[in-house]
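Overview (structure and organization)
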Amino acid sequence: ISLRVYASGRLSSSKADYFWLLYQTVKKYLDNSAHLFLTNADLISEIVKKDVKKLREIKAIILNRIYEDSQMEKLILAMFNNNLNVTQTAKAVYMHRNTIINKLEFIRLETGLNLQNFKDATCLYWLMKIK
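Right, let's walk through the structure included here. In this text, all values refer to a predicted model and were calculated from it rather than measured experimentally. (Residues numbered from 1 in each chain as written. Predicted model: local features only at pLDDT ≥ 70, side-chain atom pairs only at ≥ 80, totals over all residues. Heavy atoms only, no water.)

1. Focus: the overall build of the protein chain
In plain terms, the rule: Only DSSP runs of H or I with at least four residues qualify as helices, and only runs of E with at least two residues qualify as strands; both kinds are numbered from the N terminus onward. Restricting the calculation to C-alpha atoms gives the radius of gyration, and the globule rule supplies 2.2 Å times the number of residues raised to the power 0.38. Residue burial is assigned from relative accessible area. The probe radius is 1.4 Å, only protein chains are included, and a residue is buried under 20% of its type maximum, exposed over 50%, and partly exposed in between. Only the protein chains shown count as cover for residues, and all accessible areas are computed by the Shrake-Rupley method using a 1.4 Å probe. Counted as positive: Lys and Arg. Counted as negative: Asp and Glu, with His and the chain ends omitted from the count. For this purpose, a charge sits on NZ of Lys, CZ of Arg, CG of Asp or CD of Glu.
Summing up its helical and strand segments, the protein chain has 7 helices and 2 strands in all. The order of helices and strands in the protein chain, counted from the N terminus, is β-α-β-α-α-α-α-α-α. Its C-alpha atoms give the protein chain a radius of gyration of 15 Å, within 12% of the compact-globule value 14 Å for 131 residues. Expressed along its principal axes, the backbone C-alpha trace of the protein chain runs to roughly 50 × 30 × 30 Å. A buried classification covers 38% of the 131 residues belonging to the protein chain. Here the protein chain has roughly 8100 Å² of accessible surface; of this, 53% comes from carbon and sulfur atoms. Side chains of the protein chain give 20 positive and 12 negative charges; the mean places of these two sets differ by 4 Å.

As C-alpha cells, this is what we get:
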C-alpha cells in the first residue's frame, strides 16, 4: 500500500472550500514528491520555487485565525526583527516570555508551522510578506 501523509494546521469546518483549495494545491505542487510525510512548510517551499503569487490564494487557509489578528502579525514580525529570540521579542512587544511561548504554540497549532524551526520560520515569513 502506498500512503502519503500531509500534515496541516487547523482548517475551519465552516469553510469547506478552503479544504478543497488546499487539497488541489497540495496535489498540484507536492504530487511528485518522493517524501511520504509532507507539511505546510513543504508546500510553501514548493510554491515559492514555482509560483510565489499562488501564496496569496492559500495565505488565509494556512494562517487560519491568525490571518486577521493584527496582534499575532505584530508578534510574528517582532520575532523576525529579533532573530527569532523569544526573550528579545518579549522585551520588544512588552509581554512576558511565557506569554510569547504560549502564543508561539498557538501559532504552531493553527498553522502547522513552528516559528522556532528555521524552515518553518522562513515559510511563515513568506506568508507574512506576500500581499
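Here the narrative resumes.
2. Observations concerning the packing of helix α4 (residues 70-81) against helix α5 (residues 86-93)
Counted only if it meets this: Fitted lines through C-alpha atoms give the axes, limited to the stretch in contact for helices. The angle between two N-to-C directions lies from 0 to 180 degrees. Roughly parallel here means an angle under 35 degrees, roughly antiparallel means over 145, roughly perpendicular means 65 to 115, and every remaining angle is called oblique. Should the near helix be turned anticlockwise from the far one by less than a right angle, the crossing is termed left-handed; should it be turned clockwise, right-handed. Should any heavy atoms of two residues lie within 4.5 Å, those residues are counted as being in contact.
The contact between α4 and α5 brings their axes to 9 Å, and the two run at 125°. Of the possible angle classes, the one that applies to α4 and α5 is oblique. The handedness of the crossing between α4 and α5 comes out as right-handed. Residues L75, A78 and M79 of α4 form the contact with α5, whose own contacting residues are V86, T89 and V93.

3. Focus on the environment of E73
Turning to its location among the elements, E73 is positioned in helix α4. Setting aside anything within four residues of it in sequence, one finds E73 in contact with M128 and K131.

4. Re the pattern of salt bridges
Note the cut-off: Throughout this description, the term salt bridge denotes a Lys or Arg side-chain nitrogen within 4 Å of a carboxyl oxygen of Asp or Glu.
Inspection of the entire model under this criterion finds 8 salt bridges. A salt bridge links D31 to K27; the nearest nitrogen and oxygen atoms lie 3.7 Å apart. Given the relative accessible area of 42%, K27 is considered partly exposed. Note that R65 is salt-bridged to E110, the shortest N-O span being 2.8 Å. With R65 in the loop between α3 (55-63) and α4 and E110 in helix α6 (residues 97-111), this residue pair connects regions lying 45 residues apart in the sequence. With a relative accessible area of 1%, E110 lands in the buried category. In this structure, a network of salt bridges that share partners links the residues R10, R65 and E110.

5. Details of the packing of aromatic side chains
Stated formally: Each Phe, Tyr or Trp ring, with Trp reduced to its six-membered ring, pairs with another whose centre is within 6.5 Å; inter-plane angles below 30 degrees give stacked pairs, above 60 give edge-to-face pairs, and intermediate values give tilted ones.
For the structure on display, the rule yields 2 aromatic pairs. For the ring pair W20 and Y23, a centre distance of 5.6 Å and an interplane angle of 25° mean the geometry is stacked. Placement of the pair is W20 and Y23 together in helix α1 (residues 16-30), with a separation of 3 residues, close to one helical turn. For the pair F80 and Y125, a centre-to-centre distance of 5.1 Å together with 85° between the ring planes defines the contact as edge-to-face. One end of the pair, F80, is in helix α4; the other, Y125, is in helix α7 (residues 118-129), and 45 residues separate them in sequence. In this structure F80 comes out as buried when scored by relative accessible area, which is 19%.

6. As for the nonpolar core
The condition is simple: The nonpolar core is taken to be a set of buried Ala, Val, Leu, Ile, Met, Phe, Trp, Tyr and Cys residues, with the residues joined through side-chain atoms within 4.5 Å.
Residues L43, I76, I107, L113, L115, L124 and L127 are the most contacted members of the largest nonpolar core, which totals 33 residues. Within the residue set of this core, elements represented by two or more residues are α1, α2 (40-50), α3, α4, α5, α6 and α7. In this view, I107 contacts I66, M72, L75, I76, G112, L113 and L124; residues no more than four positions away in its chain are not counted.

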